[in-house]
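Residue-level listing of the chains:
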Amino acid sequence: MDNLTNNKSSFWLKRPTVYIIYFVVINALNIQSVITGRMNVWKIFRQGYFHLAQHKDLYAFYPQEYFDSYLYSPSFAAMFAPFSLLPNYVAYFLWNNMSMLLIPFLLFKFKGITENKKALVCYIALIEIATCLQGTQTNVMIAGLMLLSFLSFENKNYWVAAFAIAIGFYIKIYPIVAAGMFLLYPNKLAFIGKLIIAFLVIGVLPLLFIKPAELYMQYESWVKELLLDQGDNYGKISLTGLVQVYFRVSDLGKLLVQVFGVLVFCLMYVRYKLFKSYYYRLYFLCGTLIWVVLFNHASEIYGYAIAILGIGLWYATQPSSKRLNIFICLFILFATVLSIDPTPRFISKYIYEHALKALPYSIMFGVIVWQMLAAKPSDLYNNIASDTTP
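Below: a short report on this structure. (Residues numbered from 1 in each chain as written. Predicted model: local features only at pLDDT ≥ 70, side-chain atom pairs only at ≥ 80, totals over all residues. Heavy atoms only, no water.)

All right, on to the overall build of the protein chain then. Secondary structure assignment for the protein chain yields 19 helices and 0 strands. Dimensions of the protein chain along its principal axes, counting C-alpha atoms only, are 65 × 50 × 45 Å. Buried positions account for 56% of the 390 residues belonging to the protein chain. Across the protein chain, the fraction of contacts at a sequence separation of at least 24, relative to all contacts at a separation of at least 6, is 77%. Carbon and sulfur atoms make up 69% of the accessible area of the protein chain, which amounts to about 17,500 Å² in all. Side-chain charges of the protein chain comprise 30 positive and 18 negative groups, with the mean position of each set lying 11 Å from the other. (Helix = DSSP H or I, 4+ residues; strand = E, 2+ residues; numbered from the N terminus. Buried < 20%, exposed > 50% of the residue type's maximum accessible area, 1.4 Å probe, protein only. Contact = heavy atoms within 4.5 Å. Areas by Shrake-Rupley, 256 points an atom, 1.4 Å probe, with all protein chains shown as cover. Lys, Arg positive; Asp, Glu negative; His and termini not counted. Charge placed at Lys NZ, Arg CZ, Asp CG, Glu CD.)

Next up, the structure:
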């Protein structure tokens with residue numbers, strides 16, 4: 001891998017090659033899903049708009065259309081209108097391609113990281129992203145919105161950051177954590193105002209199709225559905241789930257894990273004098289991408305499409321070395337490959353049932369927070385993202 005990062009002419013690290021590989025992978029999976037009929041989540045997304053426009057309760061059961069429940073906001077149903085109105089398979093391919101290609105598009109816009117390492121971040125994240133989109137999940141889009149919010153903060157485009165965060169919130173709630181990045185930047189009050197406006201605009205978007213009284217009832221049903229889902233899924237493949245598996249903690253114990261997560265997240269603000277360092281802010285993004293999955297009450301395997309980007313970007317900020325490259329390869333093996341096909345079923349099942357997927361990510365989250373707390377200002381102003389092996 002050192003030779004790859006030092007060889008600027010390497011075919012595999014060229015930007016067009018990354019896009020082609022992402023395109024081929026997602027469309028191979030799209031074709032597989034169409035052939036096998038593995039499109040239940042897509043049906044939930046697509047039918048959400050029709051239920052909204054037909055003045056039906058989004059959160060009622062529709063077993064004749066799909067199994068499982070609609071857990072997204074009324075605004076997401078409204079935002080999905082273009083994909084619902086297009087021909088089914090055209091919309092399906094468009095949604096998954098847009099979600100897939102958004103990630104390398106945004107990663108290649110990061111400054112302070114060489115082109116070669118940006119390509120490697122794309123490859124590090126590829127398996128998790130492909131696995132997520134194979135199930136037509138929204139987590140890849142959520143990851144893209146979080147990356148976009150960071151890039152927008154960096155470019156002082158607070159309107160885009162605000163709308164990216166608001167859209168993410170109305171899809172899955174927890175991307176609101178990305179709003180915490182505003183404390184790292186100037187013009188905080190101005191951003192808060194823009195964020196409130198963005199929340200209001202996206203929040204009332206369904207009024208294009210329904211009346212205010214109906215919208216109120218839809219949001220009321222959404223809150224009830226979220227509370228029910230939290231009770232049914234508390235823990236899952238998160239740090240909370242990992243603690244629950246091995247220590248059988250009570251509901252109070254689970255709550256304490258969440259409180260611990262909030263406290264650790266706050267530690268990333270302690271070195272406020274380093275906020276002016278781009279690399280410190282980048283570390284903050286890495287920690288945030290991992291945190292929203294580890295401490296999400298209903299984390300599933302698909303959520304790690306977000307966390308893996310935190311790992312990849314962290315890798316890209318480290319001085320290149322053979323030891324680091326061996327570590328990242330082992331991380332991908334144990335944290336990603338062993339939990340998916342074609343890994344023998346008994347191995348992936350054991351990892352799933354024991355929430356072991358959360359373990360390596362938990363360790364890495366601790367490493368990132370520790371590096372942020374222990375960082376020397378001089379280290380953060382050096383080009384630590386260089387491809388030069390020490």
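A few words now on unusual backbone geometry. Not every positive phi belongs to a glycine, and Thr136 is a case in point at roughly 50°. Along the polypeptide, Thr136 turns up in the loop between α7 (115–134) and α8 (139–154). Exposure remark for Thr136: the relative accessible area of 1% places this residue in the buried category. The phi angle at Lys156 is positive, at roughly 60°, despite the residue not being glycine. Here Lys156 shows up in the loop between α8 and α9 (158–172). By relative accessible area, Lys156 is classed as exposed at 60%.

The next thing to look at is a nonpolar patch on the surface. Residues Leu252, Leu255, Leu256, Val259 and Leu263 make up a contiguous nonpolar surface patch of roughly 480 Å² in combined accessible area. Tracing the sequence through the fold places Val259 in helix α13 (residues 251–267). (Patch = residues over 30% accessible without salt bridge, like charges linked within 9 Å, V, L, I, M, F, W, Y side chains within 5 Å. Salt bridge = Lys/Arg side-chain N within 4 Å of Asp/Glu carboxyl O.)

A word on the state of the cysteines. Per the counting criterion, the structure on display carries 0 disulfides. Its sulfur unpaired, Cys122 is 14 Å from the next cysteine sulfur, which belongs to Cys286. Classification of Cys286 as buried rests on a relative accessible area of 1%. (Disulfide = S-S within 2.5 Å.)

What follows concerns helix α2 (residues 15–36). For α2, which comprises 22 residues, the first-to-last C-alpha distance of 32 Å matches the rise-based estimate of 32 Å (1.5 Å per residue) to within 8%. Regarding α2, the residues found buried are Thr17, Val18, Ile21, Tyr22, Ile26, Asn27, Leu29, Asn30 and Ser33. Of the surrounding elements, those touching the buried residues of α2 are α6 (88–107) and α7. A positive backbone phi angle near 75° is found at Gly37, which sits one or two residues after α2. (Expected span 1.5 Å × (residues − 1).)

Between its first and last C-alpha, helix α15 (residues 304–316) extends 18 Å over 13 residues, near the 18 Å set by a 1.5 Å rise per residue. Of all 13 residues in α15, 13 are buried; the element is thus mostly enclosed.

With that settled, consider the side chain of Thr131. Examined against the element boundaries, Thr131 turns out to sit in helix α7. Those residues in contact with Thr131 that sit more than four places away from it in its chain are Tyr302 and Ile340.

Looking now at the nonpolar core. Phe110, Leu147 and Tyr361 are the most contacted members of the largest nonpolar core, which totals 131 residues. For this core, the leading source of residues is helix α14 (residues 278–294), giving 14 residues. Not counting residues within four places of it along the chain, the set of residues in contact with Tyr361 comprises Glu128, Ile290, Leu294, Tyr304, Ala307, Ile308, Ile311, Phe331, Ala335 and Thr336. (Core = buried A, V, L, I, M, F, W, Y, C linked by side-chain atoms within 4.5 Å.)

This next bit is on the pattern of salt bridges. Enumeration according to the criterion identifies 6 salt bridges in this entry. The closest approach of N and O atoms between Glu154 and Lys111, which form a salt bridge, is 3.9 Å. Within this pair, whereas Glu154 is found in helix α8, its partner Lys111 is found in the loop between α6 and α7, the two being separated by 43 residues in sequence. Linking Glu115 and Lys118 is a salt bridge whose minimum nitrogen-to-oxygen distance equals 3.4 Å. Of this pair, Glu115 and Lys118 both sit in helix α7, 3 residues apart, which is roughly one turn of the helix. Residue classification places Glu115 among the partly exposed residues on the basis of a relative accessible area of 34%. By sharing partners, the salt bridges in this structure join Arg15, Glu115 and Lys118 into a single network.

In contact at an axis separation of 8 Å, α14 and α15 are set at 155° when each is read in the N-to-C sense. Taken together, α14 and α15 sit at an angle that is classed as roughly antiparallel. As α14 packs across α15, the resulting crossing turns out to be left-handed. Seen from α14, the contacting residues are Leu285, Cys286, Leu289, Ile290, Val292, Val293 and Leu294; seen from α15, they are Tyr304, Ile306, Ala307, Leu309, Gly310, Ile311, Leu313 and Trp314. A breakdown of the residues in the contact of α14 with α15 according to their chemical character gives 14 nonpolar, 1 polar and no charged. (Axes fitted to C-alpha atoms, helices over the stretch in contact; angles between N-to-C directions. Parallel < 35°, antiparallel > 145°, perpendicular 65-115°, else oblique. Left-handed = near helix turned anticlockwise from the far one by under 90°. Nonpolar A, V, L, I, M, F, W, Y, C, P; charged D, E, K, R; others polar.)

The next subject is the environment of Trp95. Tracing the sequence through the fold places Trp95 in helix α6. Along the backbone, Trp95 and Ile173 are 78 residues apart, and their C-alpha atoms lie at a distance of 20 Å. Those residues in contact with Trp95 that lie beyond four places of it in its chain are Trp42, Phe45, Phe76, Phe80, Phe83, Thr136 and Met141.

Moving on, we get to the side chain of Lys357. Residue placement: Lys357 occurs in the loop between α17 (345–353) and α18 (358–374). In this view, Lys357 contacts Glu128, Ile237, Ile301, Tyr304, Ala335, Thr336, Ser339 and Ile351; residues no more than four positions away in its chain are not counted.

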